[in-house]
Amino acid sequence: MMVNNEIGTIQPVKTIANIAHSKNMVFHTDAVQAVGHIPVDVKDLNCDMLSASGHKFGAPKGVGFLYIKKGVEFRNLINGGKQESSRRGGTENVLGIIAMAAALEDAVEHMEERNEHIKHLRDKMLDKLLQIPGSALNGSLENRVSGNINIRFSGVSGARLVTLCSLYGIYISSGSACNEGISEPSHVLKAIGLTDEEALSSIRITIGHTNTEEEIDHATNIITKLVERIRGDNE
């Protein structure tokens, strides 16, 4: 995984690829959280395969791509489809593919300016949220994609905070979308040393380039009040 989907950490994929190749392994990286948000160069990374999902950089849901280095062989998951070089059956989602290409081109072209805007909003929100007593950032602040905040509030159920925020039109999560509905503590947060209680008191906030200063101020104020409310209910 090139960028962790919960805490936004940028992983040392190039180093891992070199280790894999030194052991004669084929190396694949899941770059779903990276493509369109940070520079990605398959030649520099020295990866054999790389996968990405269009909805992460502005394309419709349900379309993505797999990069395969020339000369790398793989076994088909589904056989058939001469128009797909017999690698799978089915007809291409042409409109989705075109939309994905356009979205990726736009994301790469405006990546630097968008990241500056997103980082400004993230730092503004994070500065205020960390003023809440018993709060702490999960993961690295520096080695992280610009739009990710993963933060915990002691004595607060992350799942309850997520539910209450949604009543105010603020949509955050208590983990990755892949694990929604699972009440167990995040394996990612436990792997970086958090206790079960700390992991369950964590939320993930994602900020995009279309977000505004007013939205960040509103969300920050609501989250602050809800943290106080939940703590009050627990007393």
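All of the points below concern the structure found in this document. (Residues numbered from 1 in each chain as written. Predicted model: local features only at pLDDT ≥ 70, side-chain atom pairs only at ≥ 80, totals over all residues. Heavy atoms only, no water.)

### Describing the packing of helix H4 (residues 111-129) against helix H8 (residues 213-234)
In step 1: In contact at an axis separation of 10 Å, H4 and H8 are set at 20 degrees when each is read in the N-to-C sense. Comparing their axes, H8 and H4 come out roughly parallel. When you trace H4 past H8, the crossing you get is right-handed. Here His120, Leu121, Lys124, Met125, Lys128 and Leu129 of H4 lie close against H8, whose contacting residues are Glu213, Ile216, Asp217, Ala219, Thr220, Ile223 and Thr224.
In step 2: Looking at the contact of H4 with H8 residue by residue, the class counts come to 6 nonpolar, 3 polar and 4 charged. (Axes fitted to C-alpha atoms, helices over the stretch in contact; angles between N-to-C directions. Helix = DSSP H or I, 4+ residues; strand = E, 2+ residues; numbered from the N terminus. Parallel < 35°, antiparallel > 145°, perpendicular 65-115°, else oblique. Left-handed = near helix turned anticlockwise from the far one by under 90°. Contact = heavy atoms within 4.5 Å. Nonpolar A, V, L, I, M, F, W, Y, C, P; charged D, E, K, R; others polar.)

### Considering helix H5 (residues 158-167)
In step 1: For H5, the complete set of buried residues consists of Gly158, Leu161, Val162, Leu164 and Cys165.
In step 2: Packing partners of the buried residues in H5 comprise strand S5 (148-153), helix H7 (196-200), strand S6 (202-206) and H8.
In step 3: The positive-phi residue at the C-terminal boundary of H5 is Gly169, with phi of around 75 degrees. (Buried < 20%, exposed > 50% of the residue type's maximum accessible area, 1.4 Å probe, protein only.)

### Quick look at the layout of surface pockets
In step 1: The space that makes up the largest pocket amounts to roughly 980 Å³.
In step 2: At 4 residues, H4 tops the list of elements feeding residues into the lining of the largest pocket.
In step 3: Counted by class, the lining of the largest pocket contains 14 nonpolar, 18 polar and 5 charged residues.
In step 4: Estimates place the volume of the second largest pocket at around 630 Å³.
In step 5: Taken together, 20 residues line the second largest pocket, and the ones lying closest to its centre are Gly64, Leu66, Glu84, Arg87 and Arg88.
In step 6: At 4 residues, the largest contribution of residues to the lining of the second largest pocket is made by strand S3 (residues 64-68).
In step 7: Looking at the lining of the second largest pocket residue by residue, the class counts come to 8 nonpolar, 7 polar and 5 charged. (1 Å grid on protein atoms, 1.4 Å probe; cavity = no way out; pocket = protein on both sides within 12 Å on 5 of 7 lines; lining within 4 Å. Points joined across faces, edges and corners; volume = space filled by probe spheres on them.)

### Description of a negative patch on the surface
In step 1: A cluster of acidic side chains, namely Glu105, Glu109, Glu112, Glu113 and Glu116, defines a negative patch on the protein surface.
In step 2: Elements that contribute at least two residues to the negative patch include exactly helix H3 (94-109) and H4.
In step 3: The element best represented in the negative patch is H4, accounting for 3 residues.
In step 4: Summarising the element assignment, Glu116 is placed in helix H4. (Patch = residues over 30% accessible without salt bridge, like charges linked within 9 Å, V, L, I, M, F, W, Y side chains within 5 Å. Areas by Shrake-Rupley, 256 points an atom, 1.4 Å probe, with all protein chains shown as cover. Salt bridge = Lys/Arg side-chain N within 4 Å of Asp/Glu carboxyl O. Lys, Arg positive; Asp, Glu negative; His and termini not counted. Charge placed at Lys NZ, Arg CZ, Asp CG, Glu CD.)

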